[in-house]
Amino acid sequence: MIRAAVTGASGRMGKLIISNIVAYDGIELSAAFDLVNIGKDAGETAQVGNLGVSISDVKDMERVLKESSTDVLIDFTIADATVVNAPRAASAGVNLIIGTTGLSKEQKQIIEEAVSKHGVAGIISPNFSVGVNVFFKILSEASKYLGDFDIEIIEAHHNKKKDAPSGTAIKAADVISAALGGKDYVYGRQGLAPRKKEIGIHAVRGGDIVGDHTVLFAGDGERIEIKHQAHSRQAFASGAVKAAAWICNAGPGMYTMEDILGL
């Protein structure tokens, strides 16, 4: 039985991940962490019944992870917290599933170095949805044939999302850029600057939009739009739990959702 811990256990994603762990065969909740609801049962907080796992303070992470024999930590919090907590978990010999967005290159490097130093396995992904990772694969293939087209990425999320543009939009741009041998990025457009052959990235924030991503390839007299829409956060939570099950059977090192899905 794989033993999984969750950070941000009182948040929307944390509670949803806990409910998915309960429903997933072969995984059980071993620990939960947050800054609030310390001492409360994580299952009751997630409204899935008493699980006998109390929410612990993140300051006690290393000790709790070791005492609970945790195999993998799932972290969907904020960048400043993840960059501290992920190395703590790695030092406790725990594998990492990181779905936090807004991580800088330097923060990602800190996490990757901790994974390497402590001989664990890790995945850092802006989106654990199975569908969006197929979306990335389609973008890579389409870009090979549409390099002369103008390329624009439009993403929309709820008004409480902290980072903009989304990590998924940046990953989409990275996938396209890699397929085309390198592109510059422009974030939004303003003024009279001449249009160049770059990738435009635009962020919309409003209401309770879960996550929409559209890539527009516009040519002379025609255009192609490739879109992914997340109808609920369930797509992210279920993918993260699937990744947690997979990574516990992998060797040390950094992996991607492409590895899990065979893409």
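Look above for the structure.
Report follows, based on the coordinates. Source: prediction; values computed, not measured.

Procedures and definitions
- Residues numbered from 1 in each chain as written.
- Predicted model: local features only at pLDDT ≥ 70, side-chain atom pairs only at ≥ 80, totals over all residues.
- Heavy atoms only, no water.
- Helix = DSSP H or I, 4+ residues; strand = E, 2+ residues; numbered from the N terminus.
- Rg over C-alpha atoms; globule rule 2.2 N^0.38 Å.
- Buried < 20%, exposed > 50% of the residue type's maximum accessible area, 1.4 Å probe, protein only.
- Areas by Shrake-Rupley, 256 points an atom, 1.4 Å probe, with all protein chains shown as cover.
- Lys, Arg positive; Asp, Glu negative; His and termini not counted.
- Charge placed at Lys NZ, Arg CZ, Asp CG, Glu CD.
- Pairing = 2+ DSSP bridges.
- Axes fitted to C-alpha atoms, helices over the stretch in contact; angles between N-to-C directions.
- Contact = heavy atoms within 4.5 Å.
- Core = buried A, V, L, I, M, F, W, Y, C linked by side-chain atoms within 4.5 Å.
- Expected span 1.5 Å × (residues − 1).
- Polar contact = N/O pair within 3.5 Å; in protein donor to acceptor, adjacent residues only side chain to side chain.

## Here's the deal with the overall build of the protein chain
Consideration 1: Of the regular secondary structure elements, the protein chain holds 9 helices and 12 strands.
Consideration 2: On C-alpha atoms alone, the protein chain measures out to a radius of gyration of 19 Å, which is about the 18 Å that the 2.2 N^0.38 rule sets for 263 residues.
Consideration 3: Along the three orthogonal principal directions, the C-alpha set of the protein chain runs to about 60 × 40 × 30 Å.
Consideration 4: Classification of the 263 residues of the protein chain by burial places 48% in the buried group.
Consideration 5: Summed over all atoms, the accessible surface of the protein chain reaches about 12,500 Å², with 49% contributed by carbon and sulfur.
Consideration 6: Averaging the coordinates of the 27 positive side-chain charges in the protein chain and doing the same for the 31 negative ones gives two points 3 Å apart.

## Quick notes on the sheet that holds strand 7 (residues 150-157)
Hydrogen bonding along the main chain pairs the strands of a sheet, whether they run parallel or antiparallel.
Consideration 1: A sheet is described by the order of its strands in space; here 5 strands give the open sequence 8-9-7-10-11, paired in mixed fashion. Every interior strand has two partners, whereas the edge strands, strand 8 (185-187) and strand 11 (222-230), have only one. In this sheet, neighbouring strand axes are inclined to one another by 15 degrees on average, regardless of whether the strands run parallel or antiparallel.
Consideration 2: Pairing geometry for strand 7 and strand 9 (residues 199-205), over 7 bridges, is parallel. Residue pairing across strands places His157 opposite Arg205, the latter belonging to strand 9.

## Some points on the sheet that holds strand 1 (residues 2-7)
Consideration 1: What the 7 strands build is an open sheet, ordered 3-2-1-4-5-6-12; its pairing is parallel. Looking at strand neighbours, the two that pair on one side only are strand 3 (55-57) and strand 12 (253-255), the edges of this open sheet. The mean inter-strand angle of the sheet, taken between neighbouring strand axes irrespective of direction, is 25 degrees.
Consideration 2: Pairing between strand 1 and strand 4 (residues 72-75): 3 bridges, direction parallel. By the bridge assignment, Ala4 is partnered in strand 4 with Val72.
Consideration 3: Contacting strand 1, strand 2 (27-34) and strand 4, helix 1 (residues 12-23) runs over the sheet at an angle of about 165 degrees to strand 1.

## Some details on the nonpolar core
Consideration 1: Judged by nonpolar contacts, the single largest core of 34 residues is most densely connected at Ile17, Ile21, Ile74, Phe76, Ile97 and Phe128.
Consideration 2: Mapped by element, the contributors of at least two residues to this core are strand 1, helix 1, strand 2, strand 4, strand 6 (121-124), helix 8 (234-247) and helix 9 (257-261).
Consideration 3: Element by element, the count of residues in this core is highest for helix 8, at 8 residues.
Consideration 4: Not counting residues within four places of it along the chain, the set of residues in contact with Phe76 comprises Thr7, Met13, Ile17, Gly99, Thr100, Phe128, Phe236 and Ala240.
Consideration 5: Core analysis: the next-biggest nonpolar cluster, separate from the first, contains 22 residues, Val64, Ala86, Ile98 and Ile111 among them.

## Some thoughts on the pairing of strand 2
Consideration 1: Of all 8 residues making up strand 2, 7 are buried, and the element is well covered by its neighbours.
Consideration 2: Direction of pairing for strand 2 relative to strand 3: parallel, over a ladder of 3 bridges. If you follow Asp34 over to strand 3, its bridge partner there is Asp57.

## Brief notes about the environment of Ala31
Consideration 1: Following the sequence through the fold, Ala31 ends up in strand 2.
Consideration 2: The class of Ala31 is buried, set by a relative accessible area of 2%.
Consideration 3: Taking the C-alpha atoms as reference points, Ala31 and Ala178, separated by 147 residues in sequence, lie 39 Å from one another.
Consideration 4: In this view, Ala31 contacts Ala4, Ala5, Val6, Val53, Val64, Ser68 and Thr70; residues no more than four positions away in its chain are not counted.

## Topic: helix 6 (residues 130-143)
Consideration 1: For helix 6, which comprises 14 residues, the first-to-last C-alpha distance of 20 Å matches the rise-based estimate of 20 Å (1.5 Å per residue) to within 8%.
Consideration 2: Among the residues of helix 6, Val132, Asn133, Phe135, Phe136, Leu139, Ser140, Ala142 and Ser143 are the ones counted as buried.
Consideration 3: At its buried positions, helix 6 is contacted by helix 7 (167-179), strand 10 (211-219), strand 11 and helix 9.
Consideration 4: The N-cap of helix 6, judged by a side-chain oxygen 3.2 Å from the amide nitrogen of Gly131 a few residues on, is Ser129.

Limitation: the analysis is restricted to geometry and does not speak to function.
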